[in-house]
Amino acid sequence: MPTVLLATFALLPEGEYGGEHLLTAFAERDVTARWVSWDDPAVDWSAADLVAVRSTWDYHRRLPEFLDWARATEAVAPVLNGADVFAWNADKSYLLALGEHVPVVPTRLLEDRGLVPALQAAIEELGTVLVKPRTGAGGLGVVLADSVSDPRLEGLTAGPWVAQPVVESVRTEGERSVFVLGGEVVSQVDKQPAGGEVRVHEHFGGVSRPVPVEPECAELAAAAVAAGVRLLGRELPYARVDMMRLADGRLAVSELELIEPGLYLDVHPGNAALFADVVVRVLAGRTGGWTGGPSDRP
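Bear in mind that the values here come from a model prediction, so they are computed numbers and not experimental data.

Novice: Mind laying out the sheet that holds strand β1 (residues 3-8), listing which residues take part and the relevant values?
Specialist: Judged by pairing direction, the sheet is parallel, and its 3 strands sit side by side in the order β2-β1-β3 without closing on themselves. Each edge of the open sheet is held by one strand with a lone partner, namely β2 (32-37) and β3 (50-55). If you compare each strand with its neighbour and ignore which way they point, the axes differ by 30° on average. Here helix α1 (residues 19-28) sits on the sheet in contact with β1, β2 and β3, set at roughly 145° to β2.

Novice: Describe the nonpolar core, with residues and values.
Specialist: Phe26 and Phe275 are the most contacted members of the largest nonpolar core, which totals 48 residues. Going through the elements one at a time, β1, α1, β2, β3, α2 (63-74), α3 (83-89), β8 (175-181) and α7 (270-286) are the ones with two or more residues in this core. If we ignore the near neighbours within four places in the chain, the residues touching Phe275 are Leu22, Phe26, Ala52, Arg54, Leu80, Leu181, Tyr238 and Leu263. Counting residues in hydrophobic clusters, the runner-up holds 22 residues, among them Val104, Ala221, Leu251 and Val253.

Novice: If you had to explain empty space enclosed by the protein to someone new, which residues and values would you point to?
Specialist: This structure, assessed with the given rule, holds 1 cavity of 30 Å³ or more. Taken together, Arg54, Phe179, Leu181, Tyr238, Ala239, Arg240, Pro261, Leu263 and Phe275 form the lining of the largest cavity. Elements represented by at least two residues in the lining of the largest cavity include exactly β8 and β11 (238-245). Ranked by residues supplied to the lining of the largest cavity, first place goes to β11 with 3 residues. Residues of the lining of the largest cavity, tallied by class, amount to 7 nonpolar, no polar and 2 charged.

Novice: Can you tell me about the pattern of salt bridges, naming the residues and giving the values?
Specialist: Scanning all chains against the criterion turns up 23 salt bridges. Arg245 is the salt-bridge partner of Glu173, the closest N and O atoms lying 3.0 Å from each other. With Glu173 in the loop between β7 (161-165) and β8 and Arg245 in strand β11, the pair connects residues that are 72 residues apart, well separated along the chain. Given a relative accessible area of 30%, Glu173 falls into the partly exposed group. Residue class for Arg245 comes out buried when judged on its relative accessible area of 16%. Residue Asp242 pairs with Lys191 through a salt bridge whose shortest N-O separation is 3.7 Å.

Cut-offs applied
Residues numbered from 1 in each chain as written. Predicted model: local features only at pLDDT ≥ 70, side-chain atom pairs only at ≥ 80, totals over all residues. Heavy atoms only, no water. Pairing = 2+ DSSP bridges. Helix = DSSP H or I, 4+ residues; strand = E, 2+ residues; numbered from the N terminus. Axes fitted to C-alpha atoms, helices over the stretch in contact; angles between N-to-C directions. Contact = heavy atoms within 4.5 Å. Core = buried A, V, L, I, M, F, W, Y, C linked by side-chain atoms within 4.5 Å. Buried < 20%, exposed > 50% of the residue type's maximum accessible area, 1.4 Å probe, protein only. 1 Å grid on protein atoms, 1.4 Å probe; cavity = no way out; pocket = protein on both sides within 12 Å on 5 of 7 lines; lining within 4 Å. Points joined across faces, edges and corners; volume = space filled by probe spheres on them. Nonpolar A, V, L, I, M, F, W, Y, C, P; charged D, E, K, R; others polar. Salt bridge = Lys/Arg side-chain N within 4 Å of Asp/Glu carboxyl O.

As structure tokens, then:
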């Protein structure tokens with residue numbers, strides 16, 4: 001039986017929320033899978049037939065160390081998506097390159113040097129902006145500002161940052177997350193923020209629910225992942241495309257998540273089987289015809 005190591009971090013030793021569904025899905029496909037912390041020195045990564053980065057949700061605080069780990073692991077075992085993809089995707093400036101191929105939420109880059117004039121220009125162009133760390137996750141470190149003297153800017157975390165407009169539809173339509181696994185659009189989760197918030201994450205009061213895949217969302221998600229494949233020059237076994245509707249009515253990508261996108265297994269447990277199927281196909285390609293599938297065992 002092939003062995004798959006699912007990388008998480010120390011504060012979530014049992015993996016992402018609903019992670020037990022993923023273990024069950026792998027067992028049904030005759031794959032041995034277990035959760036391990038990415039920075040655990042006791043883990044023998046070379047013993048894995050494949051490593052899948054799942055809930056490494058401290059990587060943004062430890063990016064150089066995380067990327068070093070990904071490169072070292074990749075030298076002894078295959079890593080889904082891979083270290084080069086992680087490095088590209090960890091800096092939200094990738095949205096500028098992606099925006100040359102598909103609609104994205106307008107994004108401007110901010111650095112410590114020249115912060116005030118660059119932020120002033122972004123506000124004049126975009127209105128009230130969300131200032132986010134260029135390497136960040138979970139909506140942490142996001143600050144709203146409508147002028148360079150806005151007192152909320154005192155809460156800025158370490159730069160560099162991106163500035164993006166407040167997309168008002170997030171308060172009504174919310175944000176959509178579309179999962180593209182094995183190059184196919186397979187599922188969708190819609191996320192709604194709590195009253196007064198623009199961040200849709202559960203720890204800020206947001207609510208998530210699975211919905212049927214909307215054709216408009218599927219089209220944008222497929223195009224975004226195809227653009228990522230062209231930009232990176234490699235296949236992307238898994239991706240989550242987050243999107244929201246701009247004031248002009250277009251759907252636009254807010255994030256192309258290629259490192260550790262949550263599968264929302266606690267609200268959409270069916271994503272476990274879909275993800276496991278992709279891993280089985282990758283393993284089959286590496287093992288000369290092994291074809292794990294849902295087990296017939298009682």
